[in-house]
Amino acid sequence: MHPKLTDSLNLAGRILIALLFFGGAAQKVTDPQIVEQMIGWLGLPGWLVWPVALFNLIAALALIFGPRVQLWAVLLAGYCIFTSWFHWQLRADPWQVTIVVKNWAIAGGLLILAAQGPGRFKLWR
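Model, not experiment: these values are computed from the prediction. (Residues numbered from 1 in each chain as written. Predicted model: local features only at pLDDT ≥ 70, side-chain atom pairs only at ≥ 80, totals over all residues. Heavy atoms only, no water.)

Side note on the overall build of the protein chain
Within the protein chain, the regular secondary structure consists of five helices and zero strands. Helices and strands in the protein chain line up, N terminus first, as α-α-α-α-α. C-alpha extents for the protein chain along the principal axes are approximately 50 × 25 × 20 Å. Counting every position in the protein chain, which comprises 125 residues, the buried fraction comes to 34%. In the protein chain, of all internal contacts separated by at least 6 residues, the share reaching a separation of at least 24 is 69%. Across the protein chain, the centroid of the 9 positively charged side chains sits 18 Å from that of the 4 negatively charged ones. (Helix = DSSP H or I, 4+ residues; strand = E, 2+ residues; numbered from the N terminus. Buried < 20%, exposed > 50% of the residue type's maximum accessible area, 1.4 Å probe, protein only. Contact = heavy atoms within 4.5 Å. Lys, Arg positive; Asp, Glu negative; His and termini not counted. Charge placed at Lys NZ, Arg CZ, Asp CG, Glu CD.)

Quick look at the structure:
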């Protein structure tokens, strides 16, 4: 594959993955009660929704613009695997099991990004 195409596909993939985390941040900020409730069922304090929303936002920006993409990809892969535990606790709902599988698939893509790096299209190292 031509290097320019590879770099373009890499950037497109980073943007698409980042959209998921932008959406997660927006959801947590606009309707925090849902997440507060979910983590509350597991005995965790509801205020954790705010640092998690900030993490989602910063990580999404880092994936797109490129500061330490490989580090952020590893952190986000860990985040996806870790948060799967919360959804697995609610596995009586088949939709939650689907979210677990989706989170693991995203983690796989992020680990590939961590291994391959951001390519040439990034603003910062």
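Next, the rest of the story.
Brief notes about the nonpolar core
Ranked by size, the top nonpolar core spans 19 residues in total, and within it F21, L63, L76, C80 and L110 carry the most contacts. Sort the elements by how many residues they give to this core and helix α4 (residues 69-88) lands first, with seven residues. Within the second largest apolar cluster, five residues are counted, among which are V35, M38, I39 and F86. (Core = buried A, V, L, I, M, F, W, Y, C linked by side-chain atoms within 4.5 Å.)

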